[in-house]
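Examination of the molecular architecture
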Amino acid sequence: MNSRNRLSPRAGPVPNSRLRVEPFLPDAGSHANVTTSSIKSPLPMALISAINQRYSALAESTCCLLCGGAADRSYAQLGEVAVDIGSGRGQDALRLAEAVGPTGHVYGVDVAEGMLEKARRMAEKLGVTNLEFRRSEIEKLDLPDQVADLVTSNCTMNHAADKSAAWAEVYRILKPGGRFVVSDIYALHEVPVSFRSDPKAVAECWAGAVERELYLETLSACGFSDIEVLEESAPYKKGAIEVASFTVSGQKVGCCCCG
Ligand SMILES: C[S@@+](CC[C@H](N)C(=O)[O-])C[C@H]1O[C@@H](n2cnc3c(N)ncnc32)[C@H](O)[C@@H]1O
C-alpha cells in the first residue's frame, strides 16, 4: 500500500457543517404508504422514508448496488463477529457468515423493510443460522458497544445525514483492535446544498457524498488508526455530480492497558 494513502488518527471533531445535511423539507406525503414508525429515528423522517421507499423497491431487483469490494477485502476469520452496515439484500452478510463459521456471528443492519425481508428470506432458505438482520439506522445502531471484530459496509455511509455520528457508531460497536473495511463514494467537489437537502437525491446514493479529504478526516477525527485507501475508481458522473468510489480500511486502537 502506498504510504501516502495511510493516515494517522487526529483528535477532536471535524469542524465542518457539511458532514451534517441541511434540514430536509417536510415530507409532502408522497411516501405515505411507507411504515417508518417502528423505529426511533434520529434522522429526519423524510430521509428515512425516501431511503425505505427507494431500497424496498429495489429489493427484488438484480441491479448492482455495490461500489467496491469491501467484503472481499475484509478477510473475515473463523469465530469473528462481523457487522455489515446497509446490508441490503444480504449477499455480503451471507458471505461473511460463511467466513466466520458456526463459532462466529454476523449482524446485517439496514433501514429498508423490503431489503430486510429479502435478506431474511435468503438466509432462511439457505439455512444460515449464525446471521441476523436488524432494522436500524446508521447513526443509531441497534447493537451493543464493542460487539464486533469487523465492520463492513458497501455504498451506504454516504446516505448518513450526520457522517460523524455514523462513524462514531462504527467506532462504538468495534472491539478495541477491531477493524472496518468500507466501500463508498466520495464527491469530486462540494455538493451544492440544494442537492444535499433533497432526501430523494440523498437516497439515490449521490447527494450525500462528501469530498475525499473530508471523508478521510472524519475517520481520523473519530479516532481510527491505520486508515488506508485500498482501491479507488476513476471519477464518474452520478446524479447531478461527479463522484469516485473507493474502499477504505481502518482500525480501532486497542486498549492502552493491554500492551
Ligand atoms: C446502495 S445500497 C447497498 C446495499 C448492499 N450493501 C449492497 O452492497 O448490495 C444502500 C443500502 O443502505 C441502506 N441504508 C441507506 N441509508 C441507511 C440508513 N440511514 N440507515 C440504515 N440503512 C441505510 C439502504 O436501505 C440500502 O439497503
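Remember, it's a predicted structure, so these values are computed and weren't measured experimentally. (Residues numbered from 1 in each chain as written. Predicted model: local features only at pLDDT ≥ 70, side-chain atom pairs only at ≥ 80, totals over all residues.)

Examining the pairing of strand E1 (residues 81-85)
Where burial is concerned, most of E1 is hidden: five out of the five residues are buried. Burial along E1 is two-sided: the residues Val81, Val83 and Ile85 and Ala82 and Asp84 are all buried. Two elements, E1 and strand E2 (residues 105-110), share five bridges in a ladder whose sense is parallel. Within E2, the residue paired with Asp84 across the bridge is Gly108. (Buried ≥ 20, exposed ≤ 12 C-beta atoms within 10 Å, placed from the backbone. Helix = DSSP H or I, 4+ residues; strand = E, 2+ residues; numbered from the N terminus. Pairing = 2+ DSSP bridges.)

Quick word on the environment of Ser249
Within the fold, Ser249 resides in strand E8 (residues 241-252). Note on Ser249: 21 C-beta atoms within 10 Å, which makes it buried. For the pair formed by Ser249 and Ser183, sequence separation is 66 residues and the distance between their alpha carbons is 8.8 Å. With residues up to four places along the chain from it excluded, the contact list for Ser249 reads Arg179, Phe180, Val181, Glu228 and Leu230. (Contact = placed C-beta atoms within 7 Å.)

Details of helix H4 (residues 163-173)
Among the residues of H4, Lys163, Ala166, Trp167, Glu169, Val170 and Ile173 are the ones counted as buried. For H4, the angular spread of the buried residues around the axis is 145°, confining them to a single face. Lining the buried residues of H4 we find E1, strand E4 (148-154), strand E5 (174-187) and helix H7 (212-221). (Arc of directions from axis to C-beta.)

Thoughts on the site of the ligand
If you check the shell around the ligand, you find 21 residues, and the closest are Tyr55, Gly86, Gly88, Ala112 and His159. Looking at the shell around the ligand residue by residue, the classes come out as 11 nonpolar, six polar and four charged. (Near = placed C-beta within 6 Å. Nonpolar A, V, L, I, M, F, W, Y, C, P; charged D, E, K, R; others polar.)

As for the nonpolar core
Residues Ala82 and Val151 are the most contacted members of the largest nonpolar core, which totals 69 residues. Sorting elements by how many residues they give to this core places E5 first, with seven residues. Contact partners of Ala82, with chain neighbours within four places excluded, come to Ala76, Leu96, Val100, Val106, Ala148, Asp149, Leu150 and Thr152. (Core = buried A, V, L, I, M, F, W, Y, C linked by C-beta atoms within 7 Å.)

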